[in-house]
Amino acid sequence: MKQRIAPPEPQPSICDYEGSSYRTEFWGGGRREYEDLAERSALRALLPPAGQRLVEIGAGFGRLADLYAAYREVVLLDYSKSILREAQERLGRDPRFVYVAGNIYDLPLADQAAETVVLVRVIHHIQDVPRALAEITRVLAGRGTLILEYASKHHLKAIARYLLRAQAWSPFALQPYEFVPLNFNFHPAWMEARLREAGLAMEATRAVSWFRSPVLKRAVGAGRLAALDRRLQPLGRWLKLTPSIFLKARAPAKEAAPGGLFRCPLCRSQALAAHPHGLTCQGCGQGWPLDDGIYDFKTPLA
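Note that this is a predicted model, so its numbers are computed, not measured.

1. Here's the deal with the side chain of arginine 206
Part 1 of the argument: By secondary structure assignment, the location of arginine 206 is in strand β8 (residues 201–208).
Part 2 of the argument: At 7.5 Å, aspartate 229 is the nearest oppositely charged side chain to arginine 206, a buried residue that forms no salt bridge.
Part 3 of the argument: Polar contacts involving the side chain of arginine 206 include one to the side chain of glutamine 233, which spans 3.1 Å.
Part 4 of the argument: Aside from chain neighbours lying at most four places away, what touches arginine 206 is Ala42, Ala45, Leu46, Arg230, Gln233, Pro234, Gly236, Ser244, Ile245 and Phe246.

Rendered as structure tokens:
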């Protein structure tokens, strides 16, 4: 007997990079070499040294995938299949990598599927942060690690501009600021409160991108700026004054889960049977395709 499917919850709007040239337009040409180096330093400092399974949500074209070499399995999840295809092309067919197209608000991943979850340059696109964090907490194993980067509104440039009356919005106000549709800056106190509500315990914070200035990047060079940034990042424990904040949080202790990787986003059953063309949910009978190496949980099989 097939499981009855409950009516789907209303979905928040999603920032979709499908078909975009994000890799070349945003990261190409060396324009953000400094930011890339600084973010890698922060991630190296916070990431557990090794593990069984890591999930990167919003992995895009796999920019940071080389940092996960000590993990036996790495799940690269993104809403955009076209960008995941770019990740495949960059990383090859390494069997350690699993490519998944899915929605952060209803992750197609089983309970406690991952020891470590990473989100970098993702949550600033999230309209419903508590809902996303609840899903991440569900997917994390007991005492698992979340590495989260968020765009902070409480940084030096914003504070100076506000005090000089060059901008209307206050960097001291707790509520998120949506500067363009589906692009949010967050106050550190607001974000930390949401993490606590999700049951996640803060362990470490790093303040990143102290020198995000085109003038400085041209005058000093990306490598030198990133090296100095690395030295200043630990100040984030006390001074959260940069446009990018990295944090490490710990999931609560949990009873052991049955195991497995996937969960049906339609009926939420974790009983999925594999076949050459994808997966079939044993709970509701829905099929989910495996499209040339990408598990597609956005496009159900007819």
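2. Considering the environment of alanine 251
Part 1 of the argument: Within the fold, alanine 251 resides in the loop between β9 (244–250) and β10 (272–275).
Part 2 of the argument: Given the relative accessible area of 0%, alanine 251 is considered buried.
Part 3 of the argument: Remark: the alpha-carbon pair of alanine 251 and arginine 23, spanning 228 residues in sequence, is separated by 32 Å.
Part 4 of the argument: Each residue touching alanine 251, except ones within four places of it in the same chain, is listed here: Leu140, Ala141, Arg143, Gly144, Gly199 and Leu200.

3. A look at the pairing of strand β5 (residues 140–151)
Part 1 of the argument: Among the 12 residues that make up β5, 10 are buried, leaving the element largely enclosed by the rest of the structure.
Part 2 of the argument: Relative to β5, strand β4 (residues 114–119) runs parallel, the two being bridged by 5 bridges. The residue bridging valine 118 from the neighbouring strand is isoleucine 147, located in β5.
Part 3 of the argument: Taken together, β4, helix α4 (residues 129–139) and β5 form a β-α-β motif whose crossover is right-handed.
Part 4 of the argument: In the sheet, β5 pairs with β9 via 7 bridges, with the strands oriented antiparallel. Paired with isoleucine 147 across the two strands is lysine 248, which belongs to β9.

4. Brief notes about the pairing of strand β11 (residues 278–281)
Part 1 of the argument: Bridge count for β10 against β11 is 4 bridges, and the pairing is antiparallel. Counterpart to leucine 272 in the pairing with β11 is cysteine 281.
Part 2 of the argument: Counting the residues in the hairpin turn of β10 and β11 gives 2 residues.

5. Topic: α4
Part 1 of the argument: Here α4 lies mainly inside the structure; 9 of its 11 residues are buried.
Part 2 of the argument: For α4, every residue scored as buried is listed here: Val129, Arg131, Ala132, Leu133, Glu135, Ile136, Thr137, Arg138 and Val139.
Part 3 of the argument: Residues of α4 that are buried make contact with β1 (51–57), β4, β5 and α6 (188–197).
Part 4 of the argument: The opening residue of α4, the one whose side-chain oxygen lies 3.2 Å from the backbone nitrogen of arginine 131, is aspartate 128.

6. Points about the sheet that holds β1
Part 1 of the argument: Judged by pairing direction, the sheet is mixed, and its 11 strands sit side by side in the order β8-β9-β5-β4-β1-β2-β3-β13-β12-β11-β10 without closing on themselves. Pairing within the sheet leaves two strands with one partner each, and these edge strands are β8 and β10. Adjacent strand axes in the sheet meet at a mean angle of 20 degrees when their direction is disregarded.
Part 2 of the argument: Pairing geometry for strand β2 (residues 71–78) and strand β3 (residues 97–101), over 5 bridges, is parallel. By the bridge assignment for β3, leucine 77 is matched with valine 100.
Part 3 of the argument: Along the sheet face, α6 touches β5, β8 and β9 and points at about 160 degrees away from the line of β5.

7. What about a nonpolar patch on the surface?
Part 1 of the argument: A cluster of nonpolar side chains, namely Leu235, Trp238 and Leu239, defines an oily patch on the protein surface of about 310 Å² accessible area.
Part 2 of the argument: For tryptophan 238, the location among the structural elements is in the loop between α8 (222–232) and β9.

8. A few points about α6
Part 1 of the argument: The buried fraction of α6 is high, at 7 of 10 residues.
Part 2 of the argument: Residues Pro188, Trp190, Met191, Glu192, Ala193, Arg194 and Leu195 constitute the buried set of α6.
Part 3 of the argument: Residues of α6 that are buried make contact with α4, β5, β8 and β9.

9. Structural notes on the nonpolar core
Part 1 of the argument: Residues Val117 and Leu146 are the most contacted members of the largest nonpolar core, which totals 50 residues.
Part 2 of the argument: Element by element, the count of residues in this core is highest for α4, at 5 residues.
Part 3 of the argument: Residues within four places of valine 117 in sequence aside, it is in contact with Val55, Ile57, Ile136, Val139, Leu140, Thr145, Leu146 and Ile147.
Part 4 of the argument: Ala38, Leu46, Ala59 and Ile294 belong to the second largest nonpolar core, which has 30 residues in total.

Cut-offs used in this document
Residues numbered from 1 in each chain as written. Predicted model: local features only at pLDDT ≥ 70, side-chain atom pairs only at ≥ 80, totals over all residues. Heavy atoms only, no water. Helix = DSSP H or I, 4+ residues; strand = E, 2+ residues; numbered from the N terminus. Buried < 20%, exposed > 50% of the residue type's maximum accessible area, 1.4 Å probe, protein only. Lys, Arg positive; Asp, Glu negative; His and termini not counted. Salt bridge = Lys/Arg side-chain N within 4 Å of Asp/Glu carboxyl O. Polar contact = N/O pair within 3.5 Å; in protein donor to acceptor, adjacent residues only side chain to side chain. Contact = heavy atoms within 4.5 Å. Pairing = 2+ DSSP bridges. Right-handed = clockwise from strand over helix to strand, strands pointing away. Axes fitted to C-alpha atoms, helices over the stretch in contact; angles between N-to-C directions. Patch = residues over 30% accessible without salt bridge, like charges linked within 9 Å, V, L, I, M, F, W, Y side chains within 5 Å. Areas by Shrake-Rupley, 256 points an atom, 1.4 Å probe, with all protein chains shown as cover. Core = buried A, V, L, I, M, F, W, Y, C linked by side-chain atoms within 4.5 Å.

All quantities given are derived from atomic positions and should not be read as evidence of function.
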